[in-house]
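# Coordinate analysis (summary)
Spelled out from the first residue to the last, the chains are:
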Amino acid sequence: MRNKNRSNILLVEILIAVLFFMLSATVLVRVFIGARNLTVKSGVESRALVEAQNVAETLYTAEDVDATLEELSFVSSHGTWSKDCGDYTLYVTGELQPTNAGELWTGSVSAFYKLRNPDLARQEDEELFSLPCAKYKGVSA
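Residues numbered from 1 in each chain as written. Predicted model: local features only at pLDDT ≥ 70, side-chain atom pairs only at ≥ 80, totals over all residues. Heavy atoms only, no water.

### A look at the overall build of the protein
The secondary structure content of the protein amounts to two helices and five strands. Shown N-terminal to C-terminal, the secondary structure of the protein runs as helices and strands in the order α-α-β-β-β-β-β. Each principal axis of the C-alpha distribution contributes one length, and for the protein these read about 110 × 25 × 25 Å. Taking all 141 residues of the protein together, the buried fraction comes to 21%. (Helix = DSSP H or I, 4+ residues; strand = E, 2+ residues; numbered from the N terminus. Buried < 20%, exposed > 50% of the residue type's maximum accessible area, 1.4 Å probe, protein only.)

See the structure below:
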């Protein structure tokens, strides 16, 4: 009888150890998945920032903002220009304000990270950043 109790206690100890191992493995897998997602997102954010800076600088030197955005493969929809870049989307918005001394175009270049998690499919894409940009074109005398 005593030997049977010892084997039952040993079996319970083994089951507790297995359950603890399974719980630990689940937590570690979730941590590693979260770290990988964060790494991927930061890589996308770096690429998007470089692209957005290039667009903002190109717009600063452009004669015609709309023509330049078309050359850069942006598509216009309701006054907003967008460009699909795979993992992220760039948006350019702005308005031209005529003044006595010339024209001032003010706008922004924004990047949005495309959410790929099926659980979050109903949510909108996540904004990574927004860069303000401006262009002044004076009146030639």
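### Concerning the environment of Ser-130
As for its position among the elements, Ser-130 is in strand E5 (residues 126-138). Separated by 100 residues in the primary sequence, Ser-130 and Arg-30 place their C-alpha atoms 31 Å from one another. Setting aside its immediate chain neighbours within four residues, Ser-130 contacts Ser-108, Val-109 and Ser-110. (Contact = heavy atoms within 4.5 Å.)

### So, the packing of aromatic side chains
With the rule as written, the count across this model stands at one aromatic pair. Look at Tyr-91 and Phe-112: their rings are 5.4 Å apart centre to centre, the planes differ by 85°, and that puts the pair in the edge-to-face class. Here Tyr-91, found in strand E3 (residues 88-99), pairs with Phe-112, found in strand E4 (residues 102-113); they are 21 residues apart in sequence, far enough to count as distant. (Phe/Tyr/Trp six-rings, centres within 6.5 Å; stacked < 30°, edge-to-face > 60°.)

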